[in-house]
Amino acid sequence: MIERTMREKMQYLSTKYPFVLVTGPRQSGKSTLVRHTFPEYAYVSLEESDNRSYAEEDPRGFISEYPDKTIIDEVQRVPKLLSYLQTHTDLAGKNGMYILTGSQNFQLLSYVDQSLAGRVAVLTLLPFSHVEMRGGGILPQSIDEEIFNGCYPRLYDNDLSANDYYPSYIDTYVDRDVRTVKDIGHLSGFVKLIKLCAGRIGQLLNMSSLATECGVSIPTINSWISVLQSSYIIYLLQPDYRNFSKRLVKTPKMYFYDTGLACSLLEIKQASQVSTHYLRGGLFENMVINEFMKRSFNAGDRPSFTFWRDSNGNEVDLLMNEGEHVEAVEIKSGQTFGSDYFKNLKYWGGLSGEDKNHRRVVYGGSQHRNTSEGELVPWSML
């Protein structure tokens, strides 16, 4: 098993809260991680119909059978169970009683907020990080291979090809998760939206354009985008609103939680196609931002990330709020360092007051150096 960075944080939080909830995309490794981390705990999956019926029809009987030290998988399938669990743990007054997992962010967190507020630590597990794959000896040899393959554990556990894995993942996602989260009558239009989103990686979200191409209304597109977000297919990177006496872009940018899934939707069939694809720069940018997201989530933090762009086209790809300072990252897919790589960072630094110690460029080359304008970081050091 590949060691997951989040494991230590999860163990710690289980000593502080009655519940630890691990959420994230389907097949990101949640069940494997919690069972590996808490091998002495009982395990029950509410994905199985008999367990689900038991929890729905006799929640008190279910809890009497699993009164403590239990992993409950896909807990969002029986939301009313949470209020019974809350009463039970309040009476017991112990920490680490239940480890919960779920893969539908919006619904699950709304249930948790209603029933377990103040009693639960929430963690988000995304597919393998660059660091985890390197530590496990499964890191792809090139940037294009890493972008193409993506990071879902099953690919590496079962030696699956991306071409076999991702189409089935999307089919299962649409058939199971989408129908559960929302009643979408126009499924073909929804699938078309997912593919259109893949073609807009790293671009400003344009609801009107998507609505026109899908043949539905803007409110429908807005609703569908929310479904894609809540089920960990895409996320929106919000713009930074601090106005340094310039007009700022106020529209979010769109990214995928996994570049392998995006490549499949773009009908890229092999890693060698990535290098010449028109979206290669956007895919590389997506991969790098994902790594910073994973680093934050794996530490138990909520990413506070934005991007910055003014009306004159000056842009910084990623801003990360780190206490008193903001860390600025520019992302370049090229392998050869160019003198203009720090141009936007220098301009932004002049406006924000952040010095070179808080500015870096992540690029597709191999050299690591500290320059007079900031740090140059190769992709391999992510």
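Each chain has its residues counted from 1, running along the sequence as written. Residues qualify for local features only when their pLDDT is at least 70, as the model is predicted, and side-chain atom pairs are given and counted only at 80 or more; totals for whole chains, interfaces and linings, by contrast, use all residues. The basis for the side-chain values is all heavy atoms of the structure; hydrogens and waters are excluded.

Student: Lay out the environment of Tyr165 with the relevant residues and their values.
Tutor: Position of Tyr165 relative to the elements: it lies in helix H10 (residues 162-181). Only protein chains enter the area calculation, which uses a 1.4 Å probe; residues under 20% of their type maximum are buried, those over 50% are exposed, and those in between are partly exposed. Taking the relative accessible area as the measure of exposure, Tyr165 reaches 5% and is therefore buried. Pairs of residues are marked as contacts when any of their non-hydrogen atoms sit within 4.5 Å. With residues near it in sequence (within four places) discarded, Tyr165 still touches Gln27, Tyr152, Arg154, Leu155 and Leu160. Only DSSP runs of H or I with at least four residues qualify as helices, and only runs of E with at least two residues qualify as strands; both kinds are numbered from the N terminus onward.

Student: Give a detailed account of the sheet that holds strand S1 (residues 19-23), specifying residues and quantitative values.
Tutor: Across the sheet, which stays open at both edges, the five strands sit in the order S2-S3-S4-S1-S5 with parallel pairing between neighbours. Edge strands, defined here as strands with exactly one partner in the open sheet, are strand S2 (42-45) and strand S5 (120-124). Within this sheet the neighbouring strands show an average axis-to-axis angle of 15°, counted without direction. Two strands pair if DSSP finds at least two bridges between them. The sheet contact formed by S1 and strand S4 (residues 98-102) spans five bridges and is parallel. In the sheet register, Val20 faces S4, and the bridge partner there is Ile99. In this analysis an axis means a line fitted to C-alpha atoms, helices contributing only their contacting stretch, and an angle means the value between N-to-C directions, from 0 to 180 degrees.

Student: Outline the packing of helix H11 (residues 187-198) against helix H12 (residues 207-214), supporting the account with residue identities and numerical values.
Tutor: One can describe the packing of H11 onto H12 by two numbers: an axis separation of 10 Å at closest approach and a directional angle of 135°. Judged by the angle between their axes, H11 and H12 are oblique. In this structure, H11 meets H12 at a crossing whose hand is right-handed. Between H11 and H12, the residues in contact are Gly189, Lys192, Leu193 and Leu196 and Leu210, Glu213 and Cys214, respectively. Considering only residue class, the contact of H11 with H12 consists of four nonpolar, one polar and two charged. For this classification, under 35 degrees means roughly parallel, over 145 means roughly antiparallel, 65 to 115 means roughly perpendicular, and everything else is oblique. Should the near helix be turned anticlockwise from the far one by less than a right angle, the crossing is termed left-handed; should it be turned clockwise, right-handed. In this classification, Asp, Glu, Lys and Arg are treated as charged, Ala, Val, Leu, Ile, Met, Phe, Trp, Tyr, Cys and Pro as nonpolar, and every other residue, Gly included, as polar.

Student: Help me get a handle on the sheet that holds strand S6 (residues 234-239), residues and values and all.
Tutor: Here we have eight strands laid out as an open sheet, ordered S7-S6-S8-S9-S10-S11-S13-S12, and mixed in their pairing. Each edge of the open sheet carries a strand with a single partner, namely strand S7 (253-256) and strand S12 (369-370). Where S6 meets strand S8 (residues 305-309), two bridges bridge the pair, whose relative direction is parallel. By the bridge assignment, Pro239 is partnered in S8 with Phe307.

Student: Explain the packing of aromatic side chains residue by residue, including any values.
Tutor: Two rings belonging to Phe, Tyr or Trp (six-membered ring only in the last case) form a pair when the distance between their centres is within 6.5 Å. Interplanar angles under 30 degrees mark stacking, angles over 60 mark edge-to-face geometry, and anything in between is tilted. Under the definition given, this model contains 19 aromatic pairs. For the pair Phe62 and Tyr66, a centre-to-centre distance of 5.1 Å together with 50° between the ring planes defines the contact as tilted. Each member of the pair, Phe62 together with Tyr66, is buried. Centre to centre, the rings of Phe337 and Tyr341 are 5.7 Å apart; their planes meet at 80°, and the pair counts as edge-to-face. Judged by relative accessible area, which is 11%, Tyr341 ranks as buried. What links up through ring pairs into an aromatic cluster is the set Tyr152, Tyr165, Tyr166 and Tyr169. To sit over a ring, a charge needs its Lys NZ or Arg CZ within 6 Å of the ring centre and within 35 degrees of the ring normal. Taking NZ or CZ as reference, Lys253 lies 4.9 Å from the ring centre of Phe307, over its face.

Taken by themselves, the reported measurements are silent on function.
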